[in-house]
Structure formats: C-alpha cells, structure tokens
Protein chains: 4
Amino acid sequence: MQLTDEQTAATDEAKQLICELCHTFYLQGWVGGTGGGMSIKADSLIVMAPSGVQKERMIPADMFVLDKEGNVLIDPIARPGPYKPPKLSECSPLFMAAYELRGAGAVMHSHSLNAVMATLLDPSATEFTVTNLEMIKGIAGHGYYDNCIVPIIENTARECELTDRLRQAIKSYPKSQAVLVRRHGVYVWGNTWIQAKTQAECYDYLFEVQQSS
Amino acid sequence: MQLTDEQTAATDEAKQLICELCHTFYLQGWVGGTGGGMSIKADSLIVMAPSGVQKERMIPADMFVLDKEGNVLIDPIARPGPYKPPKLSECSPLFMAAYELRGAGAVMHSHSLNAVMATLLDPSATEFTVTNLEMIKGIAGHGYYDNCIVPIIENTARECELTDRLRQAIKSYPKSQAVLVRRHGVYVWGNTWIQAKTQAECYDYLFEVQQSS
Amino acid sequence: MQLTDEQTAATDEAKQLICELCHTFYLQGWVGGTGGGMSIKADSLIVMAPSGVQKERMIPADMFVLDKEGNVLIDPIARPGPYKPPKLSECSPLFMAAYELRGAGAVMHSHSLNAVMATLLDPSATEFTVTNLEMIKGIAGHGYYDNCIVPIIENTARECELTDRLRQAIKSYPKSQAVLVRRHGVYVWGNTWIQAKTQAECYDYLFEVQQSS
Amino acid sequence: MQLTDEQTAATDEAKQLICELCHTFYLQGWVGGTGGGMSIKADSLIVMAPSGVQKERMIPADMFVLDKEGNVLIDPIARPGPYKPPKLSECSPLFMAAYELRGAGAVMHSHSLNAVMATLLDPSATEFTVTNLEMIKGIAGHGYYDNCIVPIIENTARECELTDRLRQAIKSYPKSQAVLVRRHGVYVWGNTWIQAKTQAECYDYLFEVQQSS
C-alpha cells in the first residue's frame, strides 16, 4: 500500500510521538511489563503501537498503520531475535471503538496502579465518581462542581472480548472520556493526542486523590 | 511593542527558565494535565506561561510578556494544530496579586497532590500549620521553632474568580509565602525565581510530612 | 581464553544491555546500595554483573563472562581506587540455578521494597498468591483467572547459602518464574532478557497491588 | 593558595562528583529546597558544597575547598544575581566531625522524608533499630542478623549548634555509620564517596521499610 506524501508525513509524526509519549508513560508506571498502549489518528489513517513489546523501548518502525476501518495497511518490520515478530495490539478493537463512537483523534490504554485501585475502592461498583477537584476541569465538558463519572466494566480473559462491554459503556456514558476496566486499567481518548494525554493525566490524578482521601 | 536589548536578554532568560523548571515540576507531579503554571519578573517586565498547554513540553516562544501592570505586550506565536491558539493564563490576576502586594520576583502555581491533601487534612480548616521541621527554615522569615502557617481559601468554578480571596489571604497573612486553594493546589512566590522554587519545594515537603505523620 | 567473533559480539551486546537496564532498575529502587544484580546468556556464554558495585554506574568492562557451567572465563579489568577490585556476584550460584533448572536466557535479582513487603504481608507464609489481575498475563503460562503463586524462601546470612533453598523452590514450583526471599528481595528469570525484564516488572506490579489492597 | 597538580586533579574530580551525585539525590527527594549537602575528601583536602543553593543545579565552580582542619582554602566564584554570594555550609563542623572522629572519606547530609519519618516512629526514641533485612549488609560491619542501630539526636535552631550532640553520638555509637536528627534528616559517611553513597542508600531503604511495616 502506497501512502501519499501527506500521509507519510502525518504517520511519521504520529509514530515518533507514540514512542516519545510511551517512554514518559513508562516512567509513570502506566505501561510497564509490555502492558498498555497508544494509538493516534494521522490524516485519515491510524497509527497503533504493537502488542506485547516493551513500550518504553519502541522505535517508529515498530508501529502498525491501519485504515480508518481498522484494516492493517502497513506491518512493522520484524526485529531480529530475541524480539518477537510484531503483533497487532489485542486492544485494536477497543481503540477502534473510541475512534468510531466518539470520533477520537487518539486513544491510550494504561495499567496505572491508580486506575486499578480506583476499580477496587468498591469492588462491586459500576462507576467511579469524583467531584469538587480542580483537575476535573481538565476533562472535556466538566466543571469544578460537576460529578466526574467513569464507568467501570468487568475484565475478561482475553482483551479482545472486552469490546462489547467497552462499546456499551462508551454509549451509556456519553460525557465520559474514559472507561475503567476492573483489575486491569483504563482506556482514555481525546480529540487530539494532546487532549488524550491531558485527560489521561487528569483522570490518573483524580484516581489517586480518591485513593488517598 | 519594541523591547530594549536588556529587556530582550532578561525575558529570553526567563522564558528559558520557565520551560526548564516546568519540565522538572512535571516529573514531580505538580503540573500534569496542563495544570499549574509559572511566571518570572524580568527587568521591569513579566514573563508568563500560557494556560491549558502541556507544561512539560513548552518552548520559550510559547511565553507571554506583560508589563508590570499585567497588560500583554507580546503574544506568543501560535503553533500549528493540534496545538490550540495561545491563551493567557487564567492565573494571570493571581500571579499579579503576588507581584503587586508582595513585590515578588516570581510566582508558581502547583496542583501537587501533597498540596491538595494538605487542604483535606481538615476539610473545614482555614489554615495549614506545621512546626518543628528543619525544612521550615527554607521559608523566608521562619525558624525551626516557628509556626509555619499557610492560609487555605475555598476554590471557585473559574480560576479568575479566586482573585479577591487570594488577595485577601495575602494581606491577612503577611508572613506566609504561599496560599493554599482547597481541592485545587497552591500558589507560592519569592523575591527571585530561585526563592520561589526553593519555597515551593519546602512547602511541598512540609505538606507531605504532615500527611504522613 | 579467546572468544569467537560471534561470542564477542553477543557478550558485548549483553554487557551493554545489563548496564543500561540496571540504570533503569536503579531509578525504580530495585538495585540501590549496590544491591541486586543481573545476568544474560549470550551465545553459549553467560555475562554477569559483579557484586558490591554501584549497579547504576557500571560500564560494560565491569562484567564477568562465564561458561555455561559457571566457570569464570573473563575477569573484568579492575578500576583504580576508590573502586574495589571486581568480585563475582555472590548471586552467581543462584543465577546458575535458573540457567540450569529452567533453561533461562536471563536472570535478575531485585531488592525492590515491593518484593520485600510481599514477603511480610504474612511473615510466616511460604507462598505469595495473587489472582484476577490483568498483569498476571505478563507471566509465562498464566491467564487472568489463574492463581499466580510465587514461593517464599527464608533468607540466610550469606547469599551463597541460599542456593539449596532456591533450587528446591524452583523445582517445587515449576509454573513460577520467580522466587521471593524473605526480607531480602526476589529472583526472576525468563527465556530472554526481554522476558526476564517483563516478568520482573509484572511481578513487582503484582506485589505492589497486593500491598495496596 | 596554590594547589599541587595532584591536588587540583583530585579536587576537580570531587567537585564534579558532588554535582553529579547531588543531581541524583535531588530526584530522590534528599536535597530539595536547597537542603542537604555533600563533602568528599580529595588527596589531603576537603571539597564541600555551599549552603543554601539549589543542590541539583550546582556546578564544580560552586564548591569550597578546605584543608583537613576545616579552614577554607578556596572560595567559589560568586555567580551574578539573583544567585546569592557563596556561603560555606552550616553543616561544615558536622561534616568535619565525621572526618575527624571516623577518618571518613566522604560525608552526606539528606533531608529525605524517610529519614525524618524514622525519627517520628517513636518521637521520644533516641535510637532507630532494624534487623533481619538483607540491605543491612550494605552497612559496614553489619550482617543480616545484626541489630542495625542509628542514634537519633534532637534538632536545634541553628545547624552549627548540632555539632556537640553529633560528635557525642558518633563517639557513643562506634558501629553506626550515620546519625539521625529528629525532624530534620540524617548524616551518613563512609571511607570513600562510594561507601558513603552506598550506605546512604541502604539506610534510606531501611528507614522506608520500617515505616511501611
């Protein structure tokens, strides 16, 4: 598949950004143990980090490029052993859900301990709620006095089996910019990579405050 | 508006410093999610970080330059999308309060979790108090045995609406070098950027000790 | 002892990797105070970090090279004082146990506080158990619903005296990829350095979740 | 005062090391808010970081050089404002105590929260004690089963007034490589900068474990 010059430039920038940001996320404990992931829309295409690789050591050539329906257009070049052959993220259908249902420009998945603990404050709760914190204003459509509600869905044995629940939660909570997965982590998106990252940071902070309170 | 050579040199140095320091503050969790901010007086002018941008990824060209009454003299050049057009910080009148009422040389605003938790130790307290800690000596005018008192004001829906309360607190607590904002964060200033940063670090440490005790 | 060109290339890469990874482990608090260690199999040889040195400041020339029976083939060059003469890790027989009994490709030893606290949750427990956490899937042969069990052995005055207990634990828990040592830390291995590091990160995360719950 | 070539080389190396190590200590929260400090013996001279400066932003030219009786031989060159004129550390007589009474090769002072909390576990205790932890072996003369005891002295309004108490504690606890100061921090030394740093890391870890237990 041949990309246009504009598509090449846009996907190259997105590939570089994903590597750079995942390095930062690793230092924050969000993507250790090859967990978590990130995807950015570039022009009309989608750039996505592979599954099961060390997220803080990725290079741009490791990234997949998909069309906007989620079909793989460009496979990354395999690295020599002991690196495993590149594998599209199990999160792929989950990332696609945010692109399709919310018109997102970027999606992130974090295994942050703060997110996991937020799902265990009340192990049977189906929502995480927080209010009256300045950082709530970092979540689109939310003010300081608003209830910031994030749906919590139950985890499944395989990540791809989460898709239906995640899609349902996204539809049921139109104001939320994230979905928590019990004992697993969180999916966060935004109109742009900047908003996705900002909202991921704000949510993580809110999860942490609630846990410390 | 044309700056003198001295003003250009001084503001350039301040712009560079704000970028460098905000990067460090980000790693400490003070300015995540585009929150927090910083301003430094340079010659007779004021350099101020913009609002709603990723504080750890700013470049000198992103900074505003204001005169000492707080009027914008130089607007930063807009970056291409997905970056938003530059916007003067909502904190601007709050930063100006410290410049005007205290003759500050620099002002910082942090969303540090330690600061927020310090306002929740007693959710109705109007003061945070700590004593008998070596790090108190890092706060101007304070010795080891002194009570180090920081006023706590209630948060508002919009940051600019905090101005009156903040000004009142600054006047009522002439020994304090900081004002805490409930469920929001802290404003800290100093005669120079070095003192502002030093005091911000000392206060944050004091907030953390009190929380761990 | 003369290495082949292939062996030289493989051991050089392993030496470089150990230095790089130990620097990262230091920032995570796993190898402070000269504690912890790492070893990687390279071609048919074994590269091993020395004992009692600052793990975050090692250079490739500090590494030992052993044959697959654990005999030293290449001693590192001594650095001038105040550096101490190079000493093979006391962990050496422990690392060899994972190579021999599990066919490991790399072994790590961490003094992480999370690991130590995991052995103190119940100070008389001989196993650490965790289940229903996504990060369990990062441990070879484990799914989300599996019990992830790590044997805990008692510590001894000298590290080399741990060997029998460690070998016994490795044999008794064929599914485990790690052995905890009470009030000491953890040994983790994997088929490759990537898997060893990934599993070390996953285990550490699991230890931390259990402690926070 | 003219240094010999050997003295110049040795002090230059020590100056560089202090800057490098203090940067690392800052990231660990040991020397924030201009607190803490470090000194290294170089040849027959003593290199010492100045007081009241940002420890993570020091350059070699900021260092004092003293003779082995503690007299200043070389004053650092003053930096232009807003930097303050260089001032010898208030810790100077405290550092000298470890050089004189223990023949130390390096001394460190940290305001680590772990150290402060260790003095507050029992606010009237005059000793911190820990045993049965592998990291105790990082403290000279201590084995795994030994009691690792660190004397705790009460803080004073001015750092220099601590000298008598510190000297007394050093003499009364000949096995200890550190002295804790209540609500202040810890002094740690060693035969070389490597041992001083190693022991500082081990003690800090031991303080943290005790607090988490």
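The rules we used
Residues numbered from 1 in each chain as written. Chains lettered and ligands numbered in written order. Predicted model: local features only at pLDDT ≥ 70, side-chain atom pairs only at ≥ 80, totals over all residues. Heavy atoms only, no water. Helix = DSSP H or I, 4+ residues; strand = E, 2+ residues; numbered from the N terminus. Least-squares fit on C-alpha atoms with pLDDT ≥ 70 in both. Buried < 20%, exposed > 50% of the residue type's maximum accessible area, 1.4 Å probe, protein only. Contact = heavy atoms within 4.5 Å. Buried area = accessible area lost by both parts, 1.4 Å probe. Salt bridge = Lys/Arg side-chain N within 4 Å of Asp/Glu carboxyl O. Right-handed = clockwise from strand over helix to strand, strands pointing away. Pairing = 2+ DSSP bridges. Phe/Tyr/Trp six-rings, centres within 6.5 Å; stacked < 30°, edge-to-face > 60°. Lys NZ or Arg CZ within 6 Å of the ring centre and 35° of its normal. Polar contact = N/O pair within 3.5 Å; in protein donor to acceptor, adjacent residues only side chain to side chain. Axes fitted to C-alpha atoms, helices over the stretch in contact; angles between N-to-C directions. Domains from an automatic or database assignment. Parallel < 35°, antiparallel > 145°, perpendicular 65-115°, else oblique. Left-handed = near helix turned anticlockwise from the far one by under 90°. Nonpolar A, V, L, I, M, F, W, Y, C, P; charged D, E, K, R; others polar. Lys, Arg positive; Asp, Glu negative; His and termini not counted.

Points about the environment of Cys160(B)
By the secondary structure assignment, Cys160(B) is in the loop between β7 (148-153) and α4 (163-172). With 105 residues separating them in the primary sequence, Cys160(B) and Lys55(B) have C-alpha atoms 19 Å apart.

With respect to the relation of the copies chain B and chain A
Rotating chain B by 90° and moving it 0.0 Å along the rotation axis overlays it on chain A with an RMSD of 0.0 Å. The symmetry that links the two subunits is that of a four-fold axis. Ranked by how close their C-alpha atoms come to the rotation axis, the residues of chain B are headed by Leu27(B), at 6.5 Å.

As for the environment of Glu6(D)
Residue and element names in this part refer to chain D. Tracing the sequence through the fold places Glu6 in helix α1 (residues 5-27). Judged by relative accessible area, which is 57%, Glu6 ranks as exposed. Sequence separation between Glu6 and Asp43 is 37 residues, and the spatial gap between their C-alpha atoms is 7.6 Å.

A few points about the interface of chain B and chain A
Taken together, the contacts link 23 residues of chain B with 25 residues of chain A. Buried area between chain B and chain A, summed over both chains or domains, comes out near 2,000 Å², and the portion from carbon and sulfur atoms is 56%. Its largest share of buried area at the contact with chain A, chain B owes to Arg57(B), Leu113(B) and Arg183(B), together 27% of the area lost on that side. Taking the shortest distance from any N to any O, the salt bridge between Arg57(B) and Glu20(A) comes out at 3.1 Å.

Quick word on the pairing of strand β8 (residues 178-181) of chain B
Residues and elements named next belong to chain B. Because side chains alternate across β8, one face comprises the buried residues Ala178 and Leu180, and the other comprises Val179 and Val181, equally buried. Taken together, β7, α4 and β8 form a β-α-β motif whose crossover is right-handed. The pairing of β8 with strand β9 (residues 185-190) spans 4 bridges and is classified as antiparallel. Across the sheet, Ala178 pairs through a bridge with Val188, a residue of β9.

Looking at the packing of aromatic side chains
The final tally for this structure, using the stated rule, is 24 aromatic pairs over all chains. Relative to Phe207(A), the ring of Tyr203(A) lies with its centre 6.1 Å away and its plane at 20°, an arrangement referred to as stacked. Here the residue Tyr203(A) and the residue Phe207(A) both occupy positions in helix α5 (residues 193-212), the gap between them amounting to 4 residues, near one helical turn. Residues Tyr203(A) and Phe207(A) agree in their burial class; the two are buried. Here the aromatic residues Phe128(A), Tyr203(A) and Phe207(A) are joined through ring pairs into a cluster of three or more. Over the aromatic face of Tyr83(C) sits the side chain of Arg79(C), whose NZ or CZ is 4.5 Å from the ring centroid.

Observations concerning unusual backbone geometry
Working note: non-glycine residues mostly have negative phi, and peptide bonds are mostly trans. All names here are of chain A. A cis amide bond links Gly81 to the next residue, Pro82, at an omega of 10°. Checked against the element boundaries, Pro82 lands in the loop between β4 (72-74) and α2 (92-102). Positive phi values are uncommon outside glycine, yet Thr34 reaches one of about 65°. Along the chain, Thr34 falls in the loop between α1 (5-27) and β1 (37-42).

Focus on the arrangement of the chains
With respect to C-alpha atoms, chain B approaches chain C no nearer than 13 Å, and the pair has no contact. Where chain A comes nearest to chain D, the C-alpha atoms are still 13 Å apart, and the two do not contact one another.

Brief notes about the interface of chain C and chain A
Contact residues are listed per partner, giving 25 residues for chain C and 23 residues for chain A. With both chains or domains summed, chain C and chain A bury close to 2,000 Å², and 56% of this area falls on carbon and sulfur atoms. Together, Glu134(C), Ile194(C) and Tyr205(C) form the three largest contributors to the area buried by chain C at its contact with chain A, with a combined 26%. Counting across the interface, chain C meets chain A through 2 salt bridges. A salt bridge links Glu56(A) to Lys197(C); its shortest N-O distance comes to 2.5 Å. The tally of links between chain C and chain A comes to 11 residue pairs in polar contact (both at pLDDT 80 or more). Within the residue set of the side of chain C that touches chain A, elements represented by two or more residues are α1 (5-27) and α5 (193-212) of chain C.

Re the sheet that holds strand β9 (residues 185-190) of chain A
Residue and element names in this part refer to chain A. Here we have 9 strands laid out as an open sheet, ordered β4-β3-β2-β1-β5-β9-β8-β7-β6, and mixed in their pairing. Looking at the sheet topology across the chains shown, the edges are occupied by β4 and β6 (127-130). Ignoring which end each strand starts from, the neighbouring axes of this sheet average 25° apart.

Some remarks on the pairing of β1(A)
All names here are of chain A. Within β1, 5 of the 6 residues are buried, leaving the element largely enclosed by the surrounding structure. As defined by bridge partners, β1 adjoins strand β5 (residues 106-110) across 4 bridges and the pair is classed as antiparallel. Within β5, the position partnered with Ser39 by the bridge is Val107. Following β1, the chain reverses through 2 residues before pairing antiparallel with strand β2 (residues 45-48); Asp43 in that reversal takes a positive phi of roughly 60°.

Some thoughts on the domain arrangement of chain A
Residue and element names in this part refer to chain A. Assigned domains of chain A: these are domain 1 (1-89) and domain 2 (90-213). In this structure, domain 1 and domain 2 have C-alpha centres spaced 21 Å apart. With 22 residues of domain 1 in contact, the opposing surface of domain 2 contributes 20 residues. Counting the surface lost from both domain 1 and domain 2, the interface buries some 1,800 Å², and carbon and sulfur atoms represent 65% of this.

Here we look at the side chain of Thr156(B)
By secondary structure assignment, the location of Thr156(B) is in the loop between β7 and α4. A distance of 2.8 Å separates a polar atom in the side chain of Thr156(B) from the backbone oxygen of Arg158(B).

Quick notes on helix α2 (residues 92-102) of chain C
All names here are of chain C. Among the residues making up α2, those that are buried are Ser92, Leu94, Phe95, Met96, Ala97, Ala98 and Tyr99. Buried residues belonging to α2 abut β1 (37-42), β2 (45-48), β3 (64-66), β5 (106-110), α4 (163-172) and β9 (185-190). In the stretch just after α2, Gly103 is the one whose phi turns positive, near 60°.

Focus on the pattern of salt bridges
The full count for this structure, using the stated rule, is 32 salt bridges over all chains. Here Arg182(C) and Glu154(C) are joined by a salt bridge, their closest N and O atoms 2.5 Å apart. Linking Arg182(C) in the loop between β8 (178-181) and β9 with Glu154(C) in the loop between β7 (148-153) and α4, this pair joins segments that are 28 residues apart in sequence. Of the charged contacts in the structure, one is a salt bridge between Arg79(D) and Asp62(D), with a shortest N-O distance of 2.7 Å. One end of the pair, Arg79(D), is in the loop between β4 (72-74) and α2 (92-102); the other, Asp62(D), is in the loop between β2 (45-48) and β3 (64-66), with 17 residues separating them in the sequence. On the basis of relative accessibility, which here comes to 9%, the residue Asp62(D) falls in the buried class. Here the salt bridges share partners, and the residues they tie into one network are Glu56(A), Lys197(C) and Glu201(C).

Observations regarding the packing of α2(A) against helix α4 (residues 163-172) of chain A
Residues and elements named next belong to chain A. Contact geometry of α2 with α4 gives a least axis separation of 10 Å together with a crossing angle of 25°. In terms of orientation, α2 and α4 fall into the roughly parallel class. Relative to α4, α2 is oriented so that their crossing is right-handed. Of α4, the residues touching α2 (which contributes Pro93, Leu94, Ala97, Ala98, Glu100, Leu101 and Arg102) are Thr163, Leu166, Arg167, Ile170 and Lys171. Among the residues forming the contact of α2 with α4, the class breakdown is 7 nonpolar, 1 polar and 4 charged.

Re the side chain of Lys15(C)
Residue and element names in this part refer to chain C. With respect to the helices, strands and loops of the structure, Lys15 is situated in helix α1. The charged side chain of Lys15 is buried without a salt bridge, its nearest counter-charge being Asp12 at 4.4 Å. Setting aside residues no more than four positions away along its own chain, Lys15 makes contact with Val47, Pro60, Met63 and Val65.

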